[in-house]
Amino acid sequence: MKKSTKRLFALLMATVMLLALTACGGKEEPAKEPAAAGTQEPAPQPSGSKELTVYTAFPEAEVIYYFNKFEEETGIKVNYIRLSAGEMLTRVEAEKDNPQATLMFGGSTDNYIAAVDKGLLEPYQSPELSNTPESYLDPTGTWNPIYVGCIAFACNKDWFADKGLDYPASWEDLLKPEFKGEVIMAHPATSGTAYTVLSTLVQLKGDDQVWDYLGKLNNNISQYTKSGSAAPNAVAMGEAAIALTFSHDGLQPTAEGYPIALSFPSDGTGYEVGATALIKGGKAEEQENAKLFIDWICSEKGQGCYAENNSFRVPTNTKAPVADGLVTLDQVEVIDYDAVWAASVKKDYCEQFEAKIASAPKE
């Protein structure tokens, strides 16, 4: 009788535990069949996540258009934080042991080359790059080129008409006394645009002359903004007469009717190849979504959004349409810009710029 009672008690306890597990939603997983000899495990499948976390250097008003288009076509929602290109690189480096985003999107390849050197990116090359000129491709096979653009002088047409002055046509023209307090650019330490300006001038003038030139230019600078796109926006609003910026950012306000005209330095200008890449160690459940986005933005359809959105970026996909009024690299005097060198010396030159120029008193 004792044994029988013990058996009955054990049975009742087992039943109670089973009911408790069922009530809590517990579910027994079916056992996996072992792989047959000589066969491989099936490839990992996407987790089914419908989100993607992105750090982007694109202007917010522009990037929303691309992310909304991507969501319409794929059902994947993009959660993003807008940062200047320099801030984006700094943040990814600071988070390298615990990445909070899966994709870097936008900004010059100077930053991506530096990120590759620091081991911050995961290699991925979109099959859509088959329509991209080889000169724009990453030799390390890590980042993907998505647009190009050159440095320009974005000028407020109303201001110049009012003063009866000609647009600056060279780097030396920016030093004219009539432009005192009327030139605006971003800070190279936080802005990829401004660093392209700085490294262009170093490559044009050399170390011996560039700091003397920048010191003189500093006397005509109204302020150093954090973001590259803030400079042409200030010119659009009449807060300055000339912005040192990429041509696409300079033209962007014209789509809303602002009076901006572009001028290009006849003595040579630098350019950027904009990029996107996977962040190493990014969210595992978002990896496939990030690759889908890279494929989409490298495609004819994805880069066709530049013209649809009047962003004035030059597509790297040669099949993509271009916006009316677009300024392409073959229309201006571009230098043989060395992006690899620029990336390797960025920290040093940004520190020198802060010490010798940005923090120095004006005459």
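Our subject is the structure listed above.
Being a predicted model, the structure only gives us computed values, none of them experimental. (Residues numbered from 1 in each chain as written. Predicted model: local features only at pLDDT ≥ 70, side-chain atom pairs only at ≥ 80, totals over all residues. Heavy atoms only, no water.)

J.: What is the right way to look at unusual backbone geometry in this model?
T.: Trans is the prevailing form of peptide bonds, just as negative phi is the prevailing case for residues other than glycine. In this structure, asparagine 310 is a non-glycine residue whose phi angle is positive, near 50°. Residue placement: asparagine 310 occurs in the loop between helix H11 (300-308) and strand S11 (314-315). Given the relative accessible area of 34%, asparagine 310 is considered partly exposed. Despite not being glycine, phenylalanine 312 shows a phi value in the positive range, around 65°. Looking at the secondary structure, you find phenylalanine 312 in the loop between H11 and S11. (Helix = DSSP H or I, 4+ residues; strand = E, 2+ residues; numbered from the N terminus. Buried < 20%, exposed > 50% of the residue type's maximum accessible area, 1.4 Å probe, protein only.)

J.: Please explain empty space enclosed by the protein as it appears in this structure.
T.: Over the atoms, a rolled probe matching the size of one water molecule traces out where space is still vacant. Taken as a whole and assessed by the stated rule, the structure comprises 1 cavity of 30 Å³ or more. Elements represented by at least two residues in the lining of the largest cavity include exactly strand S3 (103-108), helix H6 (192-205) and helix H9 (247-251). By residue number, the principal contributor to the lining of the largest cavity is S3, which donates 3 residues. Per-class residue counts for the lining of the largest cavity are 6 nonpolar, 11 polar and 4 charged. (1 Å grid on protein atoms, 1.4 Å probe; cavity = no way out; pocket = protein on both sides within 12 Å on 5 of 7 lines; lining within 4 Å. Points joined across faces, edges and corners; volume = space filled by probe spheres on them. Nonpolar A, V, L, I, M, F, W, Y, C, P; charged D, E, K, R; others polar.)

J.: I keep staring at helix H13 (residues 346-358) and nothing clicks. Help me out?
T.: Note that an α-helix has 3.6 residues per turn; residues three or four places apart therefore point the same way. Here H13 contains 13 residues, and its C-alpha end-to-end distance of 16 Å is more than 12% below the 18 Å for a straight helix at 1.5 Å per residue. Among the structural elements, helix H3 (85-94), helix H4 (109-117), H6, helix H7 (207-218), strand S7 (221-225) and helix H12 (339-344) are those in contact with the buried residues of H13. (Expected span 1.5 Å × (residues − 1). Contact = heavy atoms within 4.5 Å.)

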